Amino acid sequence: MGNPFNEALISYIRNHVPKNDVVNILMDTLCIGKEAAYRRMRGEVIFTLDEAAKISYQLGISLDNIIGIYHNKKAVFDVQLFNNESIHIFMNSYCTTIKEYIQVFNKIENIKKSKAILAYNSLPFVLYTPYSHILKFRLFRWIHQSVSLQTPVFYSTINLSKELLTTQTKYAQNLESLASTHIILDKNTFTSFIIEIEYFYKLNLITDEELLSLKKELKQMLEDMEELARIGKNKKGNEVLIYISNINFEACYSYYEFEQFQVSHMRVFSINSISYQDPKVCEAQKEWIESLKRYAVLISQSGEIQRIEFFKSQYEHVENLGKKKS
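Residues numbered from 1 in each chain as written. Predicted model: local features only at pLDDT ≥ 70, side-chain atom pairs only at ≥ 80, totals over all residues. Heavy atoms only, no water.

Student: Sorry, what's going on with the overall build of the protein chain here?
Tutor: Helix and strand counts for the protein chain come out as 13 helices and eight strands. The burial tally for the protein chain puts 49% of its 326 residues in the buried class. Of the contacts formed within the protein chain by residues at least 6 apart in sequence, a portion of 76% connects residues at least 24 apart. Approximately 17000 Å² of the protein chain is accessible, and the part contributed by carbon and sulfur atoms is 52%. (Helix = DSSP H or I, 4+ residues; strand = E, 2+ residues; numbered from the N terminus. Buried < 20%, exposed > 50% of the residue type's maximum accessible area, 1.4 Å probe, protein only. Contact = heavy atoms within 4.5 Å. Areas by Shrake-Rupley, 256 points an atom, 1.4 Å probe, with all protein chains shown as cover.)

Shown next, in the form of structure tokens:
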């Protein structure tokens, strides 16, 4: 009788690592010879727990996901949480997580056969990644709620390191490399973000000068997004379709489909996420996101009147930001 876990691990390696790279990766990761690597892939030698742990780290996967491959009645979920003991630790944890996402993209054999379907009721990561002030506010907002500090957190105390900004840029480039991206936005996506900025501005945690910087970037983001919707393609020439929902939905969902595998995420605790690779759950999430299109209007390369009205409304919300401070 075979070892179910070992068989599942071998199956995962074969499905997620380019065939020509498998042996070299095992040799480098486990410090073993070529024949020893072949014997493990043939199942003649069972991977030890230590070896399985090293492989899971190298490939950026959870051993729970491997277990889930042969427990077909159970879906295994991986919760991505950031260390929030202090602002410094959190920022390092966040940067490390983004680097792990980049590593996943680097291991994808053919990213041109890829698709992302996203549904967001808050500002999508895929849209605000290139804008440092907006990114800084998202992290500030999360830190303000999650990090236990004796004194208030001011927007000015959040510093984005050169390493973090460089990492963000690389990840943004990865996202732009996806062959096709469909984005469904809750109709209140931008207004809810603006309300958050307004709230912290009224608490005097954001200065007038900082507010102006945020407004400038929000306008730039809307301008870039409007052009993206008009053309329907990003700077790399890949398809991007944007939908505006006529109804509200309760969470942020994302589904990624590659030649080798599927992965889905659901946002929790602001910028944390629950991820899963179970095929049945991924397919269910894909169908759920696709169903939201029934209540949405496509504004990419179509819906010109709706597109003009939507962006006009968003510009007005940004322009009024901070004018009612008491």
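Next, the rest of the story.
Student: I keep staring at the pairing of strand β4 (residues 239-245) and nothing clicks. Help me out?
Tutor: Both faces of the sheet carry side chains from a regular strand, because those side chains alternate between them. With six of its seven residues buried, β4 lies for the most part within the structure. As paired elements, strand β3 (residues 180-185) and β4 share six bridges and run parallel to each other. Bridge assignment links I184 to a residue of β4, and that residue is Y243. Relative to strand β8 (residues 296-298), β4 runs antiparallel, the two sharing three bridges. Bridge pairing links Y243 to L298 in β8. (Pairing = 2+ DSSP bridges.)

Student: Got a minute to help me understand unusual backbone geometry in this structure?
Tutor: Most peptide bonds are trans, and most residues other than glycine sit at a negative phi. Despite not being glycine, C31 shows a phi value in the positive range, around 55 degrees. On the accessibility criterion, C31 (69% relative accessible area) is exposed. The phi dihedral of Q301 falls on the positive side, at around 60 degrees, and the residue is not glycine. With respect to the helices, strands and loops of the structure, Q301 is situated in the loop between β8 and α13 (304-320).

Student: How should the confidence of the model for the protein chain be read in this particular structure?
Tutor: Caution applies to low-pLDDT parts of the model: their predicted coordinates are not meant to be read in detail. Looking at the protein chain as a whole, its pLDDT mean stands at 82, while 85% of the residues score no less than 70. At the low end of the mean pLDDT range in the protein chain sits strand β1 (residues 78-80), at 53; at the high end sits helix α11 (residues 208-231), at 94. (pLDDT = per-residue confidence, 0-100.)

Student: What is the right way to read empty space enclosed by the protein from this model?
Tutor: With a probe scaled to a water molecule rolled over the atoms, the places where space remains empty come into view. One pass over the full model with this rule turns up one cavity of 30 Å³ or more. Each pocket or cavity is described by its volume, and for the largest cavity that value is around 40 Å³. Those elements that provide at least two residues to the lining of the largest cavity are α2 (22-30) and α4 (49-59). Along the lines of polarity and charge, the residues of the lining of the largest cavity split into seven nonpolar, no polar and no charged. (1 Å grid on protein atoms, 1.4 Å probe; cavity = no way out; pocket = protein on both sides within 12 Å on 5 of 7 lines; lining within 4 Å. Points joined across faces, edges and corners; volume = space filled by probe spheres on them. Nonpolar A, V, L, I, M, F, W, Y, C, P; charged D, E, K, R; others polar.)

Student: What am I meant to see in the environment of K293 here?
Tutor: Here K293 shows up in the loop between α12 (279-292) and β8. Looking at K293, the relative accessible area reads 16%, which means it is buried. Each C-alpha atom of the pair K293 and Y243 lies 7.3 Å from the other, and the pair is 50 residues apart in sequence. When sequence neighbours within four positions are dropped, the list of residues in contact with K293 reads H182, I184 and Y243. At a separation of 2.7 Å, a polar atom in the side chain of K293 contacts the side chain of H182. Only 2.9 Å separates the side chain of K293 from the side chain of E290, close enough to count as a polar contact. (Polar contact = N/O pair within 3.5 Å; in protein donor to acceptor, adjacent residues only side chain to side chain.)

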